[in-house]
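# Remarks on the overall topology
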Amino acid sequence: MSSDYYLPTDHGYAVVQDMEDGTKKVMVCDSVVGGEAQNVYAIHFKCTSLRVGPGVRMEHVSGGSHTRQVVEVFSEQRGVVDLRAPARGTAPLLEADARRR
């Protein structure tokens, strides 16, 4: 099944940290300040594969990266986390907050 059919588990900014064991930790939060996640409300541990969809802008920092906009975050199988650009209007509160930055 295509990832287009999976509903996101979360909407927000995604902060990706590279872990010592070679996996990634993907945190979903309501903002990113200086590369640090603020108000984290979901975490995906032991990510072995991160799939970044078209239109998702990433900013790379020491030890990881983070999205530059609100994204949809979901996992259709163990260890695999997908980030995709949301359809407009799916997260109006977060989008309004992002426009103010």
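In this report, the structure presented in the accompanying data block is examined. Small disclaimer: the values here were computed from a predicted structure and weren't measured. (Residues numbered from 1 in each chain as written. Predicted model: local features only at pLDDT ≥ 70, side-chain atom pairs only at ≥ 80, totals over all residues. Heavy atoms only, no water.)

## Describing the pattern of salt bridges
Inspection of every chain in the model, using the stated rule, returns six salt bridges. In this structure, the salt-bridge partner of D82 is R51, at a minimum N-O distance of 2.9 Å. Of this pair, D82 sits in strand β8 (residues 80-84) while R51 sits in strand β4 (residues 49-52), and the two are 31 residues apart along the sequence. For E59, the salt bridge is made with R68, and the minimal N-O distance between the two is 3.4 Å. Judged by its relative accessible area of 32%, E59 falls in the partly exposed class. (Salt bridge = Lys/Arg side-chain N within 4 Å of Asp/Glu carboxyl O. Helix = DSSP H or I, 4+ residues; strand = E, 2+ residues; numbered from the N terminus. Buried < 20%, exposed > 50% of the residue type's maximum accessible area, 1.4 Å probe, protein only.)

## Things to note about the nonpolar core
In this structure, A14, V16, V26, V28, A42, C47, V56, V71, V73, V81 and L83 together form the largest nonpolar core, which totals eleven residues. Put simply, the parts of the chain that give this core at least two residues each are β1 (10-18), β2 (24-33), β3 (36-47), β7 (71-77) and β8. Contact partners of C47, with chain neighbours within four places excluded, come to T23, K24, V26, G79 and V81. Formed by six residues, the second largest nonpolar core is a distinct cluster that contains M27, C29, V32 and V70. (Core = buried A, V, L, I, M, F, W, Y, C linked by side-chain atoms within 4.5 Å. Contact = heavy atoms within 4.5 Å.)

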